[in-house]
Every structure is written in C-alpha cells, then in structure tokens.
Amino acid sequence: MSLFRRNVLPDRQEAAIQKTVSHLRAQRRNRFRILACIDGTDESFISVRKAARFGASDECDIIILYVRPIDTGLHSGGLQVRLARQNMMESGFELPGVSHLKRALDILKAEGLDVSDWSREVQNQDAWGDPAGDNKIEYKGPTGRSVVLKLKTAPDVAVGILDQYELGPYNLIIVGAPSRWRSEFRSLFDSGVVQTIATMAPCSVMVARKQNERMGFLFAIDGTARSMQLVRRGAVLAHVMQRDISLLSVAPDEAARPAAQEAVANAQALLKAMGITTLEARVAVGDVATSIVEVGNNYGTIVVNDERRTKMERLLRGSVATEVVRRAATSVLEVR
C-alpha cells in the first residue's frame, strides 16, 4: 500500500471539479502558457529569465512552479500552517520553497515584468494529505495577462511537474539543466527530474543553460514534416526574443548530403514566407547528434524535434533530440 495517497472526493464534488478544469482548459487554449520550474538552485532560476523573455507579450501567461515533498511534520505548525494556507507569501511562516518563489518574482521584475500593481488572488487546495496542501498566488494584469506562483505538493518532483501539466495545458515547460545526467541504462530505473520531464512531457520542453544566453537560435532540421513544424514554432519564439535564426541539417553520409541540402532550402523558403531572414544555413556530414552539439554550442539555443517517438520509445531507445539535450553546453528546446 502506498504511504501517501491522494484525497478521494465524493463523485459529485469530483465531477464539479472536472467541469471547472475543463472550462479553464478551454479558456487557456487561446493563451501561450509557459511553466517555469525551479528547485532553488541557480541553474533552475535561468528558467525564470527564459520565461520572462519568451513571455514578453500580453498573450502569454507565466506559471512559476516549485514542487515540495509531502511533509506530515507540518502538522506541528498549527496556526502558522493555517495562516500559510491563506497567504503563503505574507504569513510570516515560510513553507519550503516560498523564498525561492519570492526570488523568482524578483527576477521577473528585473526582466521588466513587474506585477506589484496587478490584482492578486490566493488559492489553496488539499493535496496528498499534506497539512499545507497546494498553494498559489495568481497576479492578473490590466490586459488579462497572468503570472502565477505555485507551491505544489507531490511525492516526487517529476510527478509534481507532470501533474501540473495536466492542470494546464501548457505550450512550453522550461527546466534548468542538471549538474550531471544519468546514463541511459540508469535512467531506465532512476531517471533524474530533468531527464524525466524532457522524456515524458507532452508539450515542448526547454532545458535552459546560461551559456550564450544572448545569442541566436540554431534549428536542427531533417527534412521531415515535423522539422517544418519545428521551424514554424521555433521561429515564433526566436522572433519574440529578437534572436537570429540559423539552420543546420546533418547527413549521416555523403550519399545523404543532397537530401540535407534540400531540407535546408525548404526551411529557408518557409522562413522567408514568414518574413524572416536566415542568418546562416549549413549542411554537415557525420554523426547527427555529435554534429548538432558541436555546431550548436556556438549558439544561444539549439532547437530540435522529438522524431515522433512515443513516450515509451523515448524512454527505452532514446533519440537524437535526447542525446543533444544531454550533451549540449547551451540551452536546448525540444519541440513537440
């Protein structure tokens, strides 16, 4: 029997909640929603800066998420915990993670997103039997834009992040790069948080790194329909961040070079039709993942696609995209 269990609600109450969630999801489909995940490390706060820069328009909502473990010890907090449930930011009783959310708010302000004059709503929800439960503060701007600070409870950080996606939907999840990656064999049994999110998330995922933060985007394309989707979606983000776009297609051998050249030409034509000029376009021959990493490390963000593999295939067999995410020294955006 599991040590921690979700609270079970009566059928009628569960149905009402599902109806509300469905209504919210319908409303949110017209928004570009970014989930930036932090864990208190300096690397994780890069995700907040990226979110602020990607989400500069009024059509974008930003949700900052900190997942804390279930803590039955909080029962001893008594009145303080009850106050924290009412307002986690100003209760005077700091739940684990609150100081990190405050720092994230400061980073947003430094990036030009100041919510101090926006309207504010505090919400709390029971979760996993934890005394403090899930807590969030939603700031609403005059144009309808939203910034949310979410303190979520879960038995596992990756579970909490993927659980939060289900409450979305989200267009993009941003996570900071871990200090080291587990081998593919070990990841089968004990995946790190970032590896799990990069592999299992249904939406596009960026693994954010500090290197070359102000430099342009490199789109790694392979001529498939999905890589054309990569070009469209990546171009929007590069345009929002006012970054140059360069193209790379890697042929595994000389015989495949013409196909790689055609892929680059098609991507250039698509960008031209979108009114975007390509800074550079190149073709390389060699191991695909290695070539993308070697070239891409000179750019601010490498953009790759997930090769239409299922979650289980990505977990068991890996992919070029997964290899690039793991080995690159710069940020990598995997488009889904």
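Reading guide: rules and limits
- Residues numbered from 1 in each chain as written.
- Predicted model: local features only at pLDDT ≥ 70, side-chain atom pairs only at ≥ 80, totals over all residues.
- Heavy atoms only, no water.
- Helix = DSSP H or I, 4+ residues; strand = E, 2+ residues; numbered from the N terminus.
- Buried < 20%, exposed > 50% of the residue type's maximum accessible area, 1.4 Å probe, protein only.
- Contact = heavy atoms within 4.5 Å.
- Areas by Shrake-Rupley, 256 points an atom, 1.4 Å probe, with all protein chains shown as cover.
- Arc of directions from axis to C-beta.
- Polar contact = N/O pair within 3.5 Å; in protein donor to acceptor, adjacent residues only side chain to side chain.
- Pairing = 2+ DSSP bridges.
- Axes fitted to C-alpha atoms, helices over the stretch in contact; angles between N-to-C directions.
- Phe/Tyr/Trp six-rings, centres within 6.5 Å; stacked < 30°, edge-to-face > 60°.

Considering the overall build of the protein
- Per the secondary structure count, the protein includes 12 helices and 12 strands.
- Going through the 336 residues of the protein one by one, you find that 50% of them count as buried.
- Put simply, of all contacts in the protein between residues at least 6 apart along the chain, 75% involve residues at least 24 apart.
- Counting only carbon and sulfur atoms, one obtains 50% of the accessible surface of the protein, whose full area is about 16300 Å².

Topic: helix H5 (residues 157-166)
- If you check which residues of H5 are buried, you get Ala158, Gly160, Ile161, Gln164 and Tyr165. The buried residues of H5 occupy an angular sector of 165° when projected down its axis, which confines them to one face.
- Where H5 begins, the capping side chain belongs to aspartate 156, and its oxygen is found 3.0 Å from the backbone nitrogen of alanine 158.

Some remarks on the sheet that holds strand S11 (residues 301-305)
- Strand order in the open sheet formed by 12 strands is S3-S4-S5-S2-S1-S6-S7-S12-S11-S8-S9-S10, and the pairing between neighbours is mixed. Among the strands making up the open sheet, the edge pair consists of strand S3 (119-125) and strand S10 (280-285). With direction set aside, neighbouring strand axes in the sheet form an average angle of 20°.
- Bridge analysis of strand S8 (residues 217-220) against strand S9 (residues 245-251) gives four bridges, and the strand direction is parallel. Each bridged residue has a counterpart across the sheet, and for alanine 220 the counterpart in S9 is leucine 248.
- The strands touched by helix H7 (residues 193-200) are strand S6 (172-176), strand S7 (204-208) and strand S12 (331-335); relative to S6, the strand with the most contacts, the crossing angle is about 160°.
- The sheet contacts of helix H9 (residues 257-273) involve S9 and S10, and relative to S9 the element is tilted by about 160°.

Considerations on the packing of aromatic side chains
- Applying the stated criterion across every chain, the model contains two aromatic pairs.
- On the numbers, 6.5 Å between centres and 85° between planes, the contact of phenylalanine 54 with phenylalanine 217 is edge-to-face. One end of the pair, phenylalanine 54, is in helix H2 (residues 42-54); the other, phenylalanine 217, is in strand S8, with 163 residues separating them in the sequence.
- Residue phenylalanine 54 is classed as buried on the basis of its relative accessible area of 2%.
- Look at phenylalanine 217 and you get buried, because its relative accessible area is 1%.
- Both rings, one in tyrosine 165 and one in tyrosine 170, keep their centres 6.4 Å apart while their planes meet at 45°; by these two values the pair is tilted.
- With a relative accessible area of 4%, tyrosine 170 lands in the buried category.

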